[in-house]
Amino acid sequence: MNQLHDRYLAIIPNLKDKIPKLEPRRKRPPPANPLPLPETPALPPPPDTSSHSFQVPTRRILSTRDHGLFLSSPTYSLVLAFVFGLSDAVVDTPISAVKDNDCSPAVKSILNILDEAEALVQATPPDDAEGSRFGNKVFRTFLDKAKAVSPSWHQKLGLTSKDAIAEVETYLNHSFGNRTRIDYGSGHELNFIIWLLCLYQLQILGKADFKALVAKVFIRYLELMQTIQSTYYLEPAGSHGVWGLDDYQFLPFLFGASQLLHHPFITPLAIHQELTLEEFGHDFMYLGQVSFVNSTKTVKGLRWHSPMLDDISSAKSWGKVEGGMRRMFVAEVLRKLPVMQHFLFGSLVPAVEGMSTESEVGVANEEEEAEGGAVVVEHDGVKHVHTANSWGDCCGIKVPSAIAAAQAARKNTGETLRRIPFD
């Protein structure tokens, strides 16, 4: 009997060795971001300007080759070092933490300049007779007034050389928006930062001012631009619309993510909480800009009018958001030819040898271009006519101001925001 049992055991296969071992399912790691996290380059010391030759800034990125030369140049690293240096300066720093006493005389002078610019806006009301949701042409009158007083503003900053003023003021004059198209975008915002960089290059500003430059100066610039956008209905530069972060600004989200980097209780999802925006929006730039975006739309809900901001709010930490904003600044601003072909190079933010000049290519200065003018540029290796209606898109269509649409809705119906029917 035992022999028969042993025979059967020898015939029956041992299923234990054939059945795969059951193991708990492992959670798949999230896909790795193929773009490396941009680090903050070392900021070089300011140049010796004792025998410096200044020059009025002009466009030098007029082809893909020019753009490639810029991306491998010391100027690219200089811009990256300055912008990321400003962002690093306000890590975990609410706006209220920077007091007036922390501002140097130069920072206070810049704040006075921005106050005077806003006074010019108040003294130059728009022409309501136009009744258009596109840019109000009185904006050009404001720009003319600002350009007229710009030399005296720079003299208050300690600049005495007419050549130095002519170079530096160009960036400030181009930071309010485009005169021909009556639009505004992240390229104009970048001009303001380059203006500050020029003041750093001239040693009017120093690294000790960086925290105040973000928490005081850039905040004041944002307030000024919100006033200008609301007054003259500046069109958003480019036609990406709701698929971008914001119709107008980018840097508030980079600087704002740094401010919230290690916050103990405000999470990225908090941008959907109206009470959080109301209570902390004045102290944290990211939240404040979301509030402003909400106030300029005619529908309620970030997922409808700003889906990218809505998507970013699902990030697990502000560290993820801040890293994403760094990547976006490099990829969507500095590495985008349609944006950078409007970048201006002078002696303080120099072009490199081999980059085209406006005269060589045969294009006019942006300020000299007639309304509706066009320039021939090379995009993705193909030369084509770039119509003068877009700062950040190639070639974008004219987009009416969302601010104008929201104000018109309030005027006609008295409502603030309408909900999508299936929201």
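Residues numbered from 1 in each chain as written. Predicted model: local features only at pLDDT ≥ 70, side-chain atom pairs only at ≥ 80, totals over all residues. Heavy atoms only, no water.

## Section: the pattern of salt bridges
A full pass over the atoms with the stated rule returns twelve salt bridges. Salt-bridge contacts for Glu-118 lead to Arg-220; the nearest nitrogen and oxygen are separated by 2.7 Å. Taken together, the residues span a long stretch of sequence, with Glu-118 in helix H4 (residues 105-122) and Arg-220 in helix H8 (residues 210-232) at a distance of 102 residues. The residues Glu-118 and Arg-220 share a single accessibility class, namely buried. The salt bridge involving Lys-336 is made with Glu-332; its shortest N-O contact spans 2.7 Å. Through salt bridges with shared partners, a single ionic network connects Asp-115, Glu-118, Arg-220 and Glu-223. (Salt bridge = Lys/Arg side-chain N within 4 Å of Asp/Glu carboxyl O. Helix = DSSP H or I, 4+ residues; strand = E, 2+ residues; numbered from the N terminus. Buried < 20%, exposed > 50% of the residue type's maximum accessible area, 1.4 Å probe, protein only.)

## With respect to the packing of H8 against helix H11 (residues 285-295)
Closest axis-to-axis distance for the H8/H11 pair is 12 Å, and the angle between their directions is 5°. With respect to each other, H8 and H11 are oriented roughly parallel. In this structure, H8 contributes Val-214, Phe-218, Ile-219, Leu-222, Gln-226 and Gln-229 to the contact, and H11 contributes Met-285, Gln-289 and Phe-292. (Axes fitted to C-alpha atoms, helices over the stretch in contact; angles between N-to-C directions. Parallel < 35°, antiparallel > 145°, perpendicular 65-115°, else oblique. Contact = heavy atoms within 4.5 Å.)

## Brief notes about the packing of H4 against helix H7 (residues 186-201)
Direction vectors running N to C along H4 and H7 enclose 145°, while the axes themselves pass 13 Å from each other. For the pair H4 and H7, the crossing hand works out as right-handed. Where H4 approaches H7, its residues Ile-110, Ile-113 and Leu-114 are matched on the opposing element by Phe-192, Trp-195, Leu-196 and Leu-199. Grouping the constituent residues of the contact of H4 with H7 by class yields seven nonpolar, no polar and no charged. (Left-handed = near helix turned anticlockwise from the far one by under 90°. Nonpolar A, V, L, I, M, F, W, Y, C, P; charged D, E, K, R; others polar.)

## Some remarks on the nonpolar core
Phe-142, Phe-176, Trp-195, Leu-196, Ile-228, Tyr-286 and Phe-329 are the most contacted members of the largest nonpolar core, which totals 110 residues. Top contributing element to this core by residue count: H8, with 14 residues. Among all residues touching Trp-195, those that are not within four sequence positions of it are Ile-110, Ile-113, His-154, Leu-157, Val-168, Tyr-171 and Leu-172. (Core = buried A, V, L, I, M, F, W, Y, C linked by side-chain atoms within 4.5 Å.)

## Notes on unusual backbone geometry
Positive phi outside glycine occurs at Asp-92, with the angle close to 60°. By the element assignment, Asp-92 lies in the loop between helix H3 (74-89) and H4. Take Asp-92: its relative accessible area is 38%, and that puts it in the partly exposed class. Of note in the backbone geometry, Ile-182 takes a positive phi value of approximately 50° without being a glycine.

## Examining the side chain of Asp-283
Examined against the element boundaries, Asp-283 turns out to sit in the loop between helix H10 (274-280) and H11. Although Asp-283 is buried, it forms no salt bridge, and the closest oppositely charged side chain is Lys-99 at an N-O distance of 8.0 Å. What Asp-283 contacts, discounting residues up to four positions off in sequence, is Pro-94, Ile-95, Ser-96 and Gln-259. (Lys, Arg positive; Asp, Glu negative; His and termini not counted.)

## Side note on the confidence of the model for the protein
When pLDDT is averaged along the protein, the result is 84, and 77% of the positions lie at 70 or above. Considering each helix and strand of the protein separately, the mean pLDDT is smallest for strand S5 (residues 374-379), with a value of 48, and largest for H4, with 98. Throughout residues 370-375 the model reports pLDDT below 50, and contacts reaching past four residues in sequence, or to other chains, amount to 16 contacts. Considering only residues more than four positions removed or in separate chains, one finds that residues 387-397, a stretch of pLDDT under 50, has 48 contacts. (pLDDT = per-residue confidence, 0-100.)

## Some details on the packing of aromatic side chains
If you walk through the whole model with that rule in mind, you get 21 aromatic pairs. Ring centres 6.1 Å apart and planes at 45° place the aromatic pair Phe-82 and Tyr-200 in the tilted group. Of the two residues, Phe-82 is situated in helix H3 and Tyr-200 in helix H7; the sequence distance between them amounts to 118 residues. Given a relative accessible area of 1%, Phe-82 falls into the buried group. Relative accessible area serves as the criterion here: at 4%, Tyr-200 is assigned to the buried category. (Phe/Tyr/Trp six-rings, centres within 6.5 Å; stacked < 30°, edge-to-face > 60°.)

## Quick look at the environment of Ala-331
By the secondary structure assignment, Ala-331 is in helix H14 (residues 318-334). Taking the C-alpha atoms as reference points, Ala-331 and Leu-35, 296 residues apart in sequence, are found 9.1 Å from one another.

## Notes on H8
Under the 1.5 Å per step criterion, the end-to-end length of H8 is 31 Å for 23 residues, consistent within 8% with the ideal 33 Å. Burial of H8 is extensive: 17 of the 23 residues sit out of reach of the surface. Phi turns positive, to about 55°, at Tyr-233, one or two residues after H8. (Expected span 1.5 Å × (residues − 1).)

## Description of helix H2 (residues 64-71)
Within H2 the residues assigned to the buried category are Asp-66, His-67, Phe-70 and Leu-71. Taken end-on, H2 shows its buried residues confined to a sector of 135°, consistent with a single buried face. Here the buried face of H2 lies against H3, H14, helix H15 (337-340) and strand S4 (344-345). (Arc of directions from axis to C-beta.)

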